[in-house]
Amino acid sequence: MESTDFGPHPVTVGYWDIRGLVEPIRMILHYKKVPYNYVTYTMDERGKNHPEWQEAKTKLGLSFPNLPFYFDQDVKLSQSGAILSYLGKRLGLGGTNAVEEAEIAEVADLIKLELHYFFFLTCYSDRFEMMKHAAVGQARGVFKQFDHFLSKEGKHWLFGDRLTYPDFHFWSMLDAYSILEPTVLDGCDRVKAYKVRFEEIPEVKGYLSKNEFNKYQLCHKIAAFGGTGVAPE
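Caption draft 1: Just helix α3 (residues 80-90), in detail. Counted residue by residue, α3 has eight buried out of 11 residues, so it is predominantly covered. S80, I83, L84, S85, Y86, L87, G88 and R90 are the residues of α3 that are buried. Each element contacted by the buried residues of α3 is listed here: α1 (23-31), β3 (69-71), β4 (76-78), α4 (98-123) and α6 (165-180). Remark: G92 follows α3 within two positions and exhibits a positive phi of approximately 75°.

Right, dumping it as structure tokens:
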């Protein structure tokens, strides 16, 4: 059952000071107008964890300390997939029955494993150019599958005329891959239109216009790509 009542204490979300895995979580909270505190940690140029995170991680009450983390009055969670699934159910962005819930989970896993994983594996690789070629090829194939998926009647979003939690992660990956390779969506006209349509949602547009949103801070500074915080040349 949908509920945006999270009690007297604001939701808390924690992550590194990059877009990364936390972006769809934050976008969902903005979309649903859920107030939250955002705690960030920094990784230095040598790839060493910020000492604040090392000190805090064992004191947060998490069963499996990791970033991102999410707290509200009912739960303390880490692991981005678990957080997204929880918010989907809590905020009316999940399935309406067991079958739809399973189909949504299938798409959510596909986005994380076939798009997100390969993107960040590439960005942090010391063989970036070789990995980029493979990752972009992989992504083109997945985006073509989604283009066909969106061709079904009534597919304004991934699951019809209402947003579900994978939509937020999907847009994040569309944007990230378009920065990595601007031609990656060529031949996927429905996916291109979907991306533009998603960016026109008022709450999403508001999130993207915030000063704290840095489109190009995809990764940590140590990454081969996406770590400088400025547009690639």
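Caption draft 2: Inspection of the pairing of strand β1 (residues 11-16) at higher detail. Along β1, six of the six residues are buried, which leaves the element largely enclosed by surrounding structure. Pairing of β1 with strand β2 (residues 36-41), which is carried by six bridges, proceeds in the parallel orientation. Considered in β2, the bridge of V11 is made with Y36. One crossover worth recording links β1 to the parallel β2 by way of α1, and it is right-handed. By the bridge criterion, three bridges tie β1 to β3 in an arrangement that is antiparallel. Its bridge partner being in β3, G14 is matched across the sheet by F69.

Caption draft 3: Structural context of the pattern of salt bridges. One pass over the full model with this rule turns up 15 salt bridges. Salt-bridge contacts for E100 lead to R162; the nearest nitrogen and oxygen are separated by 3.5 Å. Of this pair, E100 sits in helix α4 while R162 sits in the loop between α5 (128-149) and α6; the two residues are 62 residues apart in sequence, bridging distant segments of the chain. For E200, the salt bridge goes to K205, with nearest N and O atoms at 2.9 Å. E200 gets classed as partly exposed once you look at its relative accessible area, which sits at 46%. A single salt-bridge network, built from bridges that share partners, covers R19, E23, D175, K195, E199 and K215.

Calculation criteria
Residues numbered from 1 in each chain as written. Predicted model: local features only at pLDDT ≥ 70, side-chain atom pairs only at ≥ 80, totals over all residues. Heavy atoms only, no water. Buried < 20%, exposed > 50% of the residue type's maximum accessible area, 1.4 Å probe, protein only. Helix = DSSP H or I, 4+ residues; strand = E, 2+ residues; numbered from the N terminus. Contact = heavy atoms within 4.5 Å. Pairing = 2+ DSSP bridges. Right-handed = clockwise from strand over helix to strand, strands pointing away. Salt bridge = Lys/Arg side-chain N within 4 Å of Asp/Glu carboxyl O.

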